[in-house]
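These are the residues of each chain, in order.
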Amino acid sequence: MSSENYLNHPNFGLLFRVCIVEPQQELFTTIYAQRLFFLVKSTTNGIAFEPISRSEARLLVENRLRLLRRSGSSAEYDQLRIIHERTFQ
């Protein structure tokens, strides 16, 4: 998580990556309002956008924070914690 990543959605424009959820899955939000969230899945056929609710997105980020804390990835944990606070609180 050393750099910011963006993705262009066909209808909602520029999206900002919040975090990696699992291999081949990332959580993105709209860049300006940060109210619409998408689970973006990479497959061999391309990418798929799955809209999810704000509460689902928050749960995914909190689960990722727990995983990072357990694994000892302190730098990545600190960066994601800041993103979590800015986005959800």
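The sections below set out a description of the structure shown in this document.

Each value, and the rule that gives it
- Residues numbered from 1 in each chain as written.
- Predicted model: local features only at pLDDT ≥ 70, side-chain atom pairs only at ≥ 80, totals over all residues.
- Heavy atoms only, no water.
- Pairing = 2+ DSSP bridges.
- Helix = DSSP H or I, 4+ residues; strand = E, 2+ residues; numbered from the N terminus.
- Buried < 20%, exposed > 50% of the residue type's maximum accessible area, 1.4 Å probe, protein only.
- Polar contact = N/O pair within 3.5 Å; in protein donor to acceptor, adjacent residues only side chain to side chain.
- Contact = heavy atoms within 4.5 Å.

Moving on, we get to the pairing of strand β5 (residues 46–52). Here 7 bridges tie strand β4 (residues 37–43) to β5, and the two strands are oriented antiparallel to one another. Opposite F38, over in β5, you have P51 as the bridge partner. Two successive antiparallel strands, β4 and β5, enclose a turn made up of 2 residues.

Once that is clear, we can look at the side chain of T87. Here T87 shows up in helix α2 (residues 74–88). What makes T87 buried here is its relative accessible area of 6%. For T87, the side chain forms a polar contact with the main-chain oxygen of I83, separated by 2.8 Å. When sequence neighbours within four positions are dropped, the list of residues in contact with T87 reads Q34, F37 and R54.

A few words now on unusual backbone geometry. If you check the backbone angles, Q24 has positive phi at about 70° while not being a glycine. Position of Q24 relative to the elements: it lies in the loop between β2 (13–22) and β3 (25–30). By relative accessible area, which is 53% here, Q24 ends up exposed.

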